[in-house]
Amino acid sequence: MGSKFMHCLHHIVAIAALLPSMALAQETLQPQKVADGVYAFIGEAGEISAANRGFVGNSGFIVCPSGVVVIDTGTSYRHGRRMLDAIARVTDKPVELVIVTHAVQEFLFGNAAFEERGIPILAHRETTKLMKVRCEHCLENLRPVLGKELEGTRLVLPKRGIDATTTIEGGGRRLELIYLGWASTPGDLAVLDLKSGVLFAGGMVSIGRIPDIRDSDFEGWQRALLRLDEFKPARVVPGHGPVSGREAITQTSAYLDALDRVIKSLYAESSSLMESVEKAILPDYRDWSMYATTHRQNALHRYLQLELQDLGGDPRSTALPQR
């Protein structure tokens, strides 16, 4: 009895000793080196939850000769602070610019952590418009899910805007901010580091996780992916999923094409909306995260887009920012 008790006690002591380091690990972001001076933070594949603290979208940073450029900022102020801490462990160079690639909650609510340090935030002007219209509501919806993780989180709009593809000297390193028109959202940007060939694809590319089409210009997104592939990036950091090669672009495109084919076929057969949602099965994508939920929503949205188009309406109308 005594030896068993001591054995259990040793286990308890060992676990207790590990707890501080486990807590520290949860508080620490580990950047993945993608190329020389280029790093990514890779989020989990599922949906936002208390367990993952909202860390489901990818972000990253590029260390330039004079400073650091950050791409996307995560789901909360605290996440933004963790990003800054992680960057400081890699380099002592200051963060000089943040680029927000698109208006989706897991990519932009860390902005406040950067703004409080006086770091400018840039996005496409359409992204800023959509953030202004929607993101306060998104933040309220996140509060019951993330609770204390959202302490200090507030909507911070980018103060710098662009309207077209632009090459910038980000801290002394040339970065191409690529705008290919309305794709997954009205203001999608991709960021190409011209030195390494690494592409941060933002909302346009998702691998291993079903992309969400609700804010898309569907045909515009398909065209944008074809053009994005023409840049022939060496590596791709998707908005969701692991760092990959160019296949991340083609796999996203393949999902959209498959969704389009099955819904157009059902629509042409005069299947009802709900019949189409039930029948729009894509076995090749069953293993992708969010298939059970987002794929069904995509089937519904694509059907409604086709219906609006037939009625002479704008199929993107549900995503149009208020002017």
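Refer to the structure presented above.
As the structure is a computational prediction, the values presented were derived from the model and not from experiment.

J.: I tried to follow empty space enclosed by the protein on my own but got confused; where do I start?
T.: Empty space among the atoms becomes visible once a probe the size of a water molecule is rolled across them. Within the structure shown, the criterion is met by one cavity of 30 Å³ or more. Each pocket or cavity is described by its volume, and for the largest cavity that value is around 40 Å³. Elements with a contribution of two residues or more to the lining of the largest cavity: strand S11 (198–206) and strand S12 (235–240). Here the element with the most residues in the lining of the largest cavity is S12; it accounts for three residues. Per-class residue counts for the lining of the largest cavity are five nonpolar, three polar and one charged.

J.: Please explain the environment of Gly-245 as it appears in this structure.
T.: Within the secondary structure, Gly-245 sits in the loop between S12 and helix H6 (247–268). Not counting residues up to four positions away in its chain, the partners in contact with Gly-245 are Arg-235 and Val-236.

J.: Can you walk me through the sheet that holds strand S2 (residues 38–41) in this structure?
T.: Sheet strands pair by backbone hydrogen bonding; their relative direction is either parallel or antiparallel. If you walk across this open sheet you meet the seven strands as S1-S2-S3-S4-S5-S6-S7, and the pairing is mixed. Looking along the sheet, the strands with just one partner apiece sit at the ends: strand S1 (32–35) and strand S7 (160–162). Adjacent strand axes in the sheet meet at a mean angle of 25°, parallel and antiparallel pairs treated alike. Inspection of the sheet shows strand S6 (residues 121–124) paired to S7 by three bridges, in the parallel sense. Residue pairing for S7: His-124 is matched across the bridge by Ile-162. Along the sheet, helix H4 (residues 125–146) makes contact with S6 and S7, crossing S6 at roughly 100°.

J.: It is not clear to me how unusual backbone geometry should be interpreted in this structure. Could you clarify?
T.: Glycine aside, the phi torsion of most residues is negative, and most peptide linkages are trans. For Lys-232, which is not glycine, the phi torsion reads 50° and is therefore positive. Inspection of the secondary structure assignment puts Lys-232 in the loop between helix H5 (218–229) and S12. What makes Lys-232 exposed here is its relative accessible area of 58%. Phi at Ser-270 takes a positive value of approximately 65°, unusual for a residue other than glycine. Turning to its location among the elements, Ser-270 is positioned in the loop between H6 and helix H7 (273–279).

J.: Before we go on, may I ask you to explain the layout of surface pockets in this structure?
T.: Of the pockets and cavities examined, the largest pocket occupies roughly 660 Å³. For the lining of the largest pocket, the elements supplying multiple residues, two or more each, are H4, S11, S12 and helix H8 (291–310). Looking at side-chain class alone, the lining of the largest pocket contains twelve nonpolar, 13 polar and six charged residues.

J.: What's the story with the sheet that holds strand S10 (residues 190–193) in this structure? I'm lost.
T.: The sheet built from five strands is open, its strands ordered S8-S9-S10-S11-S12 with mixed pairing. The open sheet has two edge strands, strand S8 (166–170) and S12, and neither has a second partner. Mean inter-strand twist for the sheet, computed between neighbouring axes without regard to direction, equals 25°. The pairing of S11 with S12 spans five bridges and is parallel. The residue bridging Val-198 from the neighbouring strand is Arg-235, located in S12. Sheet strands touched by H5: strand S9 (173–178), S10 and S11. Its angle to S11, the strand with the most contacts, is close to 165°.

J.: What am I meant to see in the environment of Glu-219 here?
T.: With respect to the helices and strands, Glu-219 occurs in helix H5. Residue classification places Glu-219 among the partly exposed residues on the basis of a relative accessible area of 24%. Linking Glu-219 and Asp-257, residues 38 residues apart in sequence, is a C-alpha distance of 9.8 Å. For Glu-219, the residues in contact, after removing those within four places along its chain, are Arg-302 and Gln-309. Among the polar contacts made by the side chain of Glu-219, one reaches the side chain of Arg-302 at a distance of 3.0 Å.

J.: Quick question: what am I supposed to make of the pairing of S2 here?
T.: Residues in a regular strand point their side chains to alternate faces of the sheet. Every second residue of S2 is oriented toward a common face, with Val-38 and Ala-40 on one face and Tyr-39 and Phe-41 on the other, all of them buried. By the bridge criterion, three bridges tie S1 to S2 in an arrangement that is antiparallel. The partner of Gln-32 across the bridge, within S2, is Ala-40. Between S1 and the antiparallel strand that follows it, S2, lie two residues; Gly-37 among them carries a positive phi value of about 80°. Both S2 and strand S3 (residues 59–63) contribute to a ladder of four bridges, which runs antiparallel. In the sheet register, Val-38 faces S3, and the bridge partner there is Ile-62.

Reading the values: rules and limits
- Residues numbered from 1 in each chain as written.
- Predicted model: local features only at pLDDT ≥ 70, side-chain atom pairs only at ≥ 80, totals over all residues.
- Heavy atoms only, no water.
- 1 Å grid on protein atoms, 1.4 Å probe; cavity = no way out; pocket = protein on both sides within 12 Å on 5 of 7 lines; lining within 4 Å.
- Points joined across faces, edges and corners; volume = space filled by probe spheres on them.
- Helix = DSSP H or I, 4+ residues; strand = E, 2+ residues; numbered from the N terminus.
- Nonpolar A, V, L, I, M, F, W, Y, C, P; charged D, E, K, R; others polar.
- Contact = heavy atoms within 4.5 Å.
- Pairing = 2+ DSSP bridges.
- Axes fitted to C-alpha atoms, helices over the stretch in contact; angles between N-to-C directions.
- Buried < 20%, exposed > 50% of the residue type's maximum accessible area, 1.4 Å probe, protein only.
- Polar contact = N/O pair within 3.5 Å; in protein donor to acceptor, adjacent residues only side chain to side chain.

This is a description of form; function is not addressed.
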